[in-house]
Amino acid sequence: MTSIMIDEVARSFGNIPAVDNVSIAIRNGEFFTLLGPSGCGKTTLLRMVAGFCELDRGRILFGEQRVDTLPPHQRNTGMVFQNYAVFPHLTVGDNVAYGLRARKISKPEIDARVARTLKLIQLDGYQSRWPHQLSGGQLQRAAIARAVVIEPRVLLLDEPLSNLDAKLRVEMRGEIRRLQKTLGITVVYVTHDQEEALSMSDRIAVMRTGRIQQVADPRTLYERPATPFVAKFVGTTNLLSGTVTQCDGDIATIVIDGTGMLVRTSAVRLGDRVELSLRPEALRLLSAGEAAPPGWSVLAGKLEDSEYLGAATRINLRLASGPLLQLMAESVPAADAATVAYDPARAAVWRKEA
Amino acid sequence: MIALLRRQAFPLSVATAAIAVLSLFFLIPLWKVFDASILDASGKVLTFANYKTVLSNRFFLSGLTNSLIIAVSSSVTTIMIGVPLAFCIARLPMAGKSLLLALAALPLVLPSFVSAYALVLMFGRAGIVTRFLHDLGIPFDSIYGIKGIVATYALTLYPYVVLPTVAAFKSVDVSVEEAAQNLGASRLRTMRTVTLPIVLPSILAGGLLVFIETLENFGVPFVLAEDKPILAVEAFKLFVSETAANPASAGVLGMLLITCTIAALLIQRAVLARRYSATGARRSPPLLVVGPTLRALGTAYCWLIVSTALVPFIAVVAISFMRFNGPVLHYDLSLSNFTELLRQSYRPLTNTLLLSTLAAIGTTLIGVPIGYLLVRRRSRLTALLDIVATSPFAVAGTVLGIGLVLAYSNGFLILTGTWMIMVIAYVVRKLPFAVKSSSAILHQIDQNLEEASINLGFPPFATFLRITVPLIIGGIVGGAVLTFVTVASELSSTVVLYSGPWMTMTVVMFQALEGTSAGAATAAATILILFTAIPVALVYRLLRRHERSVLNS
C-alpha cells in the first residue's frame, strides 16, 4: 500500500502526444479513477504505472521510491486486464498462485493465501477448475484474486468491467469497492463509463487528449466541472454559448441567442464570450400558476418533445429565441407552452478563449 | 541511452544475428549468382552478353516459356479444383470432414516427384495402365511433357489453394452475407458479389504459392519433361556441365527464375492492393441447407479429388513390394527392391534422417525468435528482418544451391562438399515457413498474458518460459516436424549440393530414375513416403488438441 506520485509525465507515439505532461498525487488507500473517452491516454498512463509503457519525460514514485526506472516485474503492482488475461494453461488455483511463486513463497503459505483469497472473492471451490470452464464474471474474479493475492502496493484495473453484461457490471462495481475497502489498498481504476467512475471513486481525474482536465471527488466533479468538456462528459448537461451583457455584483446577465439568463458568478466580465452549463436537475418545469423557488429565475419556452424513462420523463424545451434545454420532469406538461425555472447558483460558466 | 540498449538488448541481438546469418547464407550466395550472370566466362569482364546469348537461344527461350506456361496453367488448374473443394468442406454438411481435410493436406508433405514417378509407372510408355489400354486396343499417348507435369502439380499442390480458402470461407462474417440477401440478392448472387470477393485474396495467395512452387520445382519436370527444357532443370544441368571458370549461363537462368517469381509477387500485390482484408468474423456462416442430391454430389466431388491425389502414392508403395526385372514389372510380392536399394549402404537413409533433423532444429531455433520479434517487438529493424527472412521463399532451391557453391567453394569459408552446406541450404529455404507459422501462432496469444505474468513478478525471460512457451509449444513442435518432413523430400538444392558420402534418399531416387533401376526407385519412394507420412500422422493429433485447448480458452 502506497501513495503514488505522477510527476510531469509525458509520452508521445510518433507525433501524437498520448500523455501530455500529467501530474497527479494519489493518496495512500485511495480509490482513484482515470476517466475519459477512448484515446484520451488513460490506459497509457495506467500502463506507465505498471511499467509496460516507457516515459519520455517525468517521474513516477510509490511513496518515496522512484519506480519508473524499475522493470515492470519489480514494481509489485497488481494489474487486472480488460480481457482478464487469465492463463489458459493453468488452473484457477495455479493462476492465483502464480505471483506468489514468483516471490518464492513457501508452498504451505501459498496454499493458505490462495485459499483465503479465493474465499474473499467468492471463488472457493473453483481452485482446480480450468479457465475455459468459467463464466465471464468468474474469470473476472479469478483475475482480481490473482492480482490482490500478492498484496501489491497498488491495484491497477484497466476497464475491468467492460466485458460484462450490464447487471453483472453493477454488481461487480460494488464488490470491487468493498474489496478495496476491506484490503485498504490503493487502487488506480481506468474507465470510460462516467457512472462507474462516480459510483466507485474517492477521486476522479478526467482526461482528454493526453491532458488532465480536472481532478476532484465525484460530487465536485459533477457539480463544479472545471471545463465544458468535463461538464459534458460527466453526466448530462445543457451546454450553451452566449455573451455577458451585464454584471451586477456576483450576478451576471448572459444573452444566449436573444434570451437573457441570470447566472451567479464572479468569474466573468462585461462583454465576455462565455459557455454555460446547466444540469437538467437545476431546471424545474412550473405548472400553471406555480411560483418559482426563491432565488430561481424563470424562462418561457415551448415543449419540443419528450422521452418516457420510467422513473421520470425527459423533456426537451425550446426557448422562444431558439436554444434547446433538456430537463427531467415527473410527467409531460398538458400544454405546449411551458415555463421553466432555473437556479442561477447551479450554472457553471467559463470564459471562452478569444 | 544505456537503459534503452539494455531494454532492447534481446531484440537487437536476435535481429542482428539473424540478419548476419541470412546475409552470409542467403544474400551473398544470391549476389554470387547475379554476379556470375553479368561477368564473362573468365569471370572478370562485366558484360550483358550472357543474357543476350541465353535469350537468343531458342532452347532456353522455350525453357522460359515452358516454365511460365506450366506455372500459369498449374495455378489456374489448382484454383479451379481447389475453390469448389474448399467451398464444399467449409459450407456443405458432410460426414468425415476432419478426415477429408487431413487427407486433403497430405499431398503437401509428400514428395511431389514421387507422385510424378508414380504417374510414369502407371501412364508412361511402359506404364501399367498404358500397357493395359494397349492390350485392349485403346490408343493412349504417354503422359510425358507439359500435360503430365501440370497434372502432377494439380494433384500435389491443390492443398495450397484449399487450406487458406477453407479458412477464408469459414471466416466470412455471416452478417455480411445476410445483409446481401436482405437487400434482395439471391444465394448465387450473394456468392458472386459478396462471398467470393471477400475470399479472393486467400485464393490468390494460394495460387501464388502454387505458381512459385512450380517454377522452382526440380523433381517433377526432371521425371516428366523428357526433352522439353524447363528453367529449374536446365539451370542445374548447365551448372553441372559448364566448364568455364564462371557459370554464366546457369547464373542467367537463375536470375530469370527469380525475376519470374518477383513479377508474380508484384502482380499479386497490385491485384490485392485495393482490397480490404476480411475483418474478424463475429459469427461464421452456418452450413448450407441443401437437398440430398447436391450433398451427395459435393461429397463425391471432394472424395474423388482427395483420393485421386493420393492414388499415385499408394500405387508407388504397392509397386515397391513387387518384383522388377530391370525396368519390367512382375506382379509378385517381393522385398527385392528394398534389398537392392539398401544393398550398397544404409548411409542415404541415415543421412536423410540426420540432415532433416538438424535442419528442423536449426530452422526452429532461428525461425521462432524471429517470429517472436516480428509479432512482439515491431520496429524498423524487424521490418527489414521480416523481408529478408521471408524472401528465400521466392528463390528456387537450385539457384540457392548454385549460389552457395559459388560463394563457399574457396576463400575464408569453405563449405562445398560438407554436410553443413546442405543443412544451411535447408534452413534458409524453410526459414520463411518457420517464421510465418511461429508468428501466426504468437498472434493468437494475447500479449496481456505475458504482461500479466511480468506484472505478477516474473521477469521477461522467465515469463517467456512459463507462459509463452507452454502456449506455443504444440505449434512449434508441429512446425519443426513439417520442416523435417519437407527437408526429407527436398531435391532441388540437395541435387546441387550433395557430395558422395552425404547422399540422401531423394538423391538415391533421383539417380535410380536416371539409370534403369526402377525397382530401387520405388523402394526409395516408399521409404520417403514413410519418412513424411508417419511423423505428420504422429503430431497431427497433438496439433489438433493443442489448437482446441488454446482456442477454447
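Rules of the game
- Residues numbered from 1 in each chain as written.
- Chains lettered and ligands numbered in written order.
- Predicted model: local features only at pLDDT ≥ 70, side-chain atom pairs only at ≥ 80, totals over all residues.
- Helix = DSSP H or I, 4+ residues; strand = E, 2+ residues; numbered from the N terminus.
- Buried ≥ 20, exposed ≤ 12 C-beta atoms within 10 Å, placed from the backbone.
- Rg over C-alpha atoms; globule rule 2.2 N^0.38 Å.
- Contact = placed C-beta atoms within 7 Å.
- Axes fitted to C-alpha atoms, helices over the stretch in contact; angles between N-to-C directions.
- Parallel < 35°, antiparallel > 145°, perpendicular 65-115°, else oblique.
- Left-handed = near helix turned anticlockwise from the far one by under 90°.
- Nonpolar A, V, L, I, M, F, W, Y, C, P; charged D, E, K, R; others polar.
- Core = buried A, V, L, I, M, F, W, Y, C linked by C-beta atoms within 7 Å.
- Domains from an automatic or database assignment.
- Pairing = 2+ DSSP bridges.
- Right-handed = clockwise from strand over helix to strand, strands pointing away.

Novice: Could you give me a rundown of the overall build of chain A, with the residues and numbers involved?
Specialist: The helix and strand tally for chain A stands at eight helices and 20 strands. Over its C-alpha atoms, taken along the principal directions, chain A stretches across nearly 75 × 45 × 35 Å. Scored against the burial criterion, the 354 residues of chain A give a buried share of 40%.

Novice: Lay out the overall build of chain B with the relevant residues and their values.
Specialist: Check the secondary structure of chain B and you find 24 helices and two strands. For chain B, whose C-alpha radius of gyration is 25 Å, the value lies close to the compact-globule estimate of 24 Å for 553 residues. Dimensions of chain B along its principal axes, counting C-alpha atoms only, are 70 × 65 × 45 Å. Here chain B holds 553 residues, and 47% of them are scored as buried. Across chain B, contacts joining residues at least 24 apart in sequence account for 80% of those joining residues at least 6 apart.

Novice: Now, about the packing of helix α2 (residues 9-37) of chain B against helix α13 (residues 248-272) of chain B: what can you tell me, with residues and values included?
Specialist: Residues and elements named next belong to chain B. Two numbers describe how α2 lies on α13: the axes approach to 7 Å, and their chain directions differ by 120°. Between α2 and α13, the interaxial angle falls into the category oblique. Here α2 runs over α13; the crossing is left-handed. Along its contact with α2, which presents Val-33, Phe-34, Ala-36 and Ser-37, the element α13 presents Ala-248, Gly-251, Val-252, Gly-254 and Met-255. Split by residue class, the contact of α2 with α13 holds six nonpolar, three polar and no charged.

Novice: So, the environment of A:Ser199: which residues are in play, and what are the values?
Specialist: Residues and elements named next belong to chain A. Relative to the helices and strands, Ser-199 resides in helix α6 (residues 194-200). The exposure class assigned to Ser-199 is partly exposed, which follows from the 13 C-beta atoms found within 10 Å. Remark: the alpha-carbon pair of Ser-199 and Pro-293, spanning 94 residues in sequence, is separated by 30 Å.

Novice: Give me the nonpolar core: which residues, what numbers.
Specialist: Core analysis: the largest hydrophobic core is formed by 261 residues, its most contacted members being B:Tyr117, B:Ala235, B:Leu257 and B:Ala524. Each residue touching B:Tyr117, except ones within four places of it in the same chain, is listed here: B:Val223, B:Val316, B:Leu513, B:Ala521 and B:Ala525.

Novice: Mind laying out the domain arrangement of chain A, listing which residues take part and the relevant values?
Specialist: In terms of domains, chain A is made up of domain 1 (4-227) and domain 2 (238-351). Each of domain 1 of chain A and domain 2 of chain A has a C-alpha centre, and these two points are 40 Å apart.

Novice: Can you break down the pairing of strand β8 (residues 186-191) of chain A residue by residue, with the values?
Specialist: Residue and element names in this part refer to chain A. Most of β8 is tucked away: six of the six residues are buried. A two-sided burial pattern is seen for β8, the buried positions comprising Thr-186, Val-188 and Val-190 on one face and Val-187, Tyr-189 and Thr-191 on the other. Where strand β3 (residues 31-35) lies against β8, five bridges are found, and the strand directions are parallel. What sits directly across from Leu-35, in β8, is Thr-191. Looking at chain direction, strand β7 (residues 154-158) and β8 are connected through five bridges and run parallel. Bridge pairing in β8 places Val-154 opposite Thr-186. On the question of chirality, the crossover connecting β7 to the parallel β8 by way of helix α5 (residues 166-183) is right-handed.

Novice: Tell me what's going on with the environment of A:Arg314, and back it up with residues and numbers.
Specialist: Residue and element names in this part refer to chain A. If you trace the backbone, Arg-314 turns up in strand β17 (residues 313-319). Under the C-beta neighbour-count criterion, Arg-314 is labelled partly exposed, with 15 such atoms within 10 Å. Considered as a pair, Arg-314 and Glu-353 are 39 residues apart in the sequence and their alpha carbons are 32 Å apart. Arg-314 has contacts with Ser-306, Glu-307, Leu-309, Gln-326 and Met-328, leaving out every residue within four places of it along the chain.

Novice: Run through the sheet that holds strand β1 (residues 4-13) of chain A, naming residues and quoting values.
Specialist: All names here are of chain A. Spatial ordering of the open sheet is given by β2-β1-β4-β5, a layout of four strands whose pairing is antiparallel. The two strands at the open ends of the sheet, each matched to only one other strand, are β2 (16-26) and β5 (65-66). The pairing of β1 with β2 spans seven bridges and is classified as antiparallel. Directly across from Ser-12, in β2, lies its bridge partner Pro-17. Those strands touched by helix α1 (residues 42-50) are β1, β2 and β4 (57-62), and its axis lies near 60° from that of β2.

Novice: Could you give an account of the interface of chain B and chain A, with specific residues and numbers?
Specialist: Each side of the interface is counted separately: chain B has 18 residues, and chain A has 21 residues. If you list the elements that add at least two residues to the side of chain B that touches chain A, you get α20 (447-455), α21 (460-488) and α24 (518-552) of chain B. Per-class residue counts for the side of chain B that touches chain A are 10 nonpolar, six polar and two charged.

Novice: Give a description of the sheet that holds strand β9 (residues 203-208) of chain A that names residues and reports values.
Specialist: Residue and element names in this part refer to chain A. Read from one edge to the other, the open sheet built from six strands follows the order β6-β7-β8-β3-β9-β10, with strand pairing classed as mixed. Among the strands making up the open sheet, the edge pair consists of β6 (77-80) and β10 (211-216). Pairwise comparison of adjacent strand axes, ignoring direction, gives a mean angle of 15° for this sheet. Sheet topology places β3 next to β9; four bridges connect them, and they run parallel. Bridge pairing in β9 places Leu-35 opposite Val-206.

Novice: Lay out helix α12 (residues 231-241) of chain B with the relevant residues and their values.
Specialist: Each α-helix turn comprises 3.6 residues. Residues three or four places apart therefore point the same way. Residue and element names in this part refer to chain B. Burial within α12 is extensive, with eight of its 11 residues counted as buried. Along α12, the positions that sit buried rather than exposed are Leu-231, Ala-232, Val-233, Glu-234, Ala-235, Phe-236, Leu-238 and Phe-239. Tucked inside the fold, the buried residues of α12 contact α4 (58-91), α10 (187-216), α11 (219-224), α13, α18 (397-407) and α22 (494-497).

Novice: Could you give me a rundown of the packing of α4(B) against helix α8 (residues 146-171) of chain B, with the residues and numbers involved?
Specialist: All names here are of chain B. Between α4 and α8, whose axes approach to 6 Å, the crossing angle comes to 40°. Relative to α8, the element α4 lies oblique. Considering the relative orientation of α4 and α8, their crossing is right-handed. When grouped by side-chain class, the residues that make up the contact of α4 with α8 number 22 nonpolar, seven polar and two charged.

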